[in-house]
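Structural description and commentary
So you can see what is in the structure, the chains are spelled out below.
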Amino acid sequence: MDRPSMDQGAARTAAELRLQLAQVTAASQMLERTATDESSRKYLAALEQGVCRMLRTVGRLELSQRLGGDAGPELQRKPVDLALLSNELGARLGELLAWAEVELAVSTPDHLLAQADEGLIRQLLMELVSNGAKAGSRVTLTLVRREDRAVFTVEDNGPGIPPERLGYLFSSAEEAAPDWRRGGVGVAIARRVAALHGGTLVADCAPGRGLRAVASIPLGVSEGVELRDPGAAWDSGGFDEELIALSGLLPAGAFGPNLK
């Protein structure tokens, strides 16, 4: 089977999975109306946790398909205040990570305008923060401007990884065949997003001192461009993208009625 046929088959599979998950999600939301006792709420939370984790897998599959190929997708570029985006996203991620006893600290300038695909930048940051939260109990997200580039740095206080594994993780071979079990897909997605913006993603670590991932993208804006508020991207009535992104490490208590 050739690559286009495989891609089409994967797309159809992902669409079918989304349809089935939408039906399960609708059923779970109906159950919230009657889940009044502790036991029912516990099982409902476990159900919604599983749905979110499956949505994360499907979403990654769809995004990998979208970002694949030599040319990649056409980016939806617009003026985005990366500082505002980082702080709003960081606040939501920090709220959720508290369930996993992980602290997230965010540091940014007052404003930093870039011409970027807001949705993909959000995905890049969620992947990097999620990876850091799996490794340690404290994660920091820092945004600075260096000449005509925006530089995101995500660091954790975990044990780090061996130098030989670090080289493999950020190699073209890992991007071409990421390991779904060890999170290689997230790294590949983040690095692809940076590359599509004309940027880079690199990482370094020292044994016992955690991992530091640095994504750098060009600002690509002219003076006098009006700042735009990206606004909240999640729907309080359903599963928001941050909850889905972190579902692989959050406990069941983060899910269920009145917790999304």
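Right above here is the structure, for reference.
The paragraphs below set out a description of the structure included in this document. All of these numbers come straight from a predicted model, not from anything done at the bench.

**Notes on the side chain of Ser247**
Positionally, Ser247 belongs in the segment after helix H8 (241–245). Given a relative accessible area of 0%, Ser247 falls into the buried group. From its side chain, Ser247 meets the backbone oxygen of Cys52 in a polar contact 3.5 Å long. Excluding anything up to four places from it in sequence, Ser247 contacts Cys52, Arg53, Arg56 and Phe255.

**Regarding the pattern of salt bridges**
Applying the stated rule across the entire model yields 9 salt bridges. Here Asp240 makes a salt bridge to Arg92, at a shortest N to O gap of 2.2 Å. Residue Asp240 is found in the loop between strand S7 (211–218) and H8, and its partner Arg92 is found in helix H3 (residues 82–97); the two are separated by 148 residues along the sequence. When salt bridges with common partners are traced through the structure, they connect Arg92, Glu95 and Asp240 into a single cluster.

**What about helix H4 (residues 118–135)?**
Relative to the 26 Å expected for 18 residues at 1.5 Å per residue, H4 spans 26 Å between its end C-alpha atoms, a close match to the ideal helical length. H4 sits mainly inside the fold: 14 of its 18 residues count as buried. Where H4 starts, the residue carrying a side-chain oxygen 3.2 Å from the main-chain nitrogen of Gly119 turns out to be Asp117.

**A word on the environment of Gly198**
Secondary-structure assignment places Gly198 in the loop between helix H7 (184–196) and strand S6 (200–205). Overall, Gly198 belongs to the partly exposed group, its relative accessible area being 47%. Excluding its chain neighbours within four sequence positions, the residues that come into contact with Gly198 are Arg149 and Pro218.

**Let's talk about a nonpolar patch on the surface**
On the surface, a cluster of nonpolar side chains totalling about 210 Å² of accessible area is made up of Val24, Leu31 and Leu47. Here Leu47 lies in helix H2 (residues 38–67). The partly exposed category is assigned to Leu47, whose relative accessible area is 34%.

**Here's the deal with the sheet that holds strand S5 (residues 149–156)**
The strand order across the open sheet built from 5 strands is S2-S4-S5-S7-S6, with neighbouring strands paired in mixed fashion. Edge positions in the open sheet fall to strand S2 (103–107) and S6, since each of these has one partner strand only. Across the sheet, the mean angle from the axis of one strand to that of its neighbour is 15°, orientation sign disregarded. In this structure, S2 lies alongside strand S4 (residues 138–146), joined through 5 bridges in parallel fashion. Paired with Glu103 across the two strands is Arg138, which belongs to S4. Strand contacts of H3: S2, S4, S5 and S7, with the helix running at about 170° to S2, the strand carrying the most contacts. Against the sheet, H4 touches S2, S4, S5, S6 and S7, its axis set at about 20° to S5.

How each quantity is defined
- Residues numbered from 1 in each chain as written.
- Predicted model: local features only at pLDDT ≥ 70, side-chain atom pairs only at ≥ 80, totals over all residues.
- Heavy atoms only, no water.
- Helix = DSSP H or I, 4+ residues; strand = E, 2+ residues; numbered from the N terminus.
- Buried < 20%, exposed > 50% of the residue type's maximum accessible area, 1.4 Å probe, protein only.
- Polar contact = N/O pair within 3.5 Å; in protein donor to acceptor, adjacent residues only side chain to side chain.
- Contact = heavy atoms within 4.5 Å.
- Salt bridge = Lys/Arg side-chain N within 4 Å of Asp/Glu carboxyl O.
- Expected span 1.5 Å × (residues − 1).
- Patch = residues over 30% accessible without salt bridge, like charges linked within 9 Å, V, L, I, M, F, W, Y side chains within 5 Å.
- Areas by Shrake-Rupley, 256 points an atom, 1.4 Å probe, with all protein chains shown as cover.
- Pairing = 2+ DSSP bridges.
- Axes fitted to C-alpha atoms, helices over the stretch in contact; angles between N-to-C directions.

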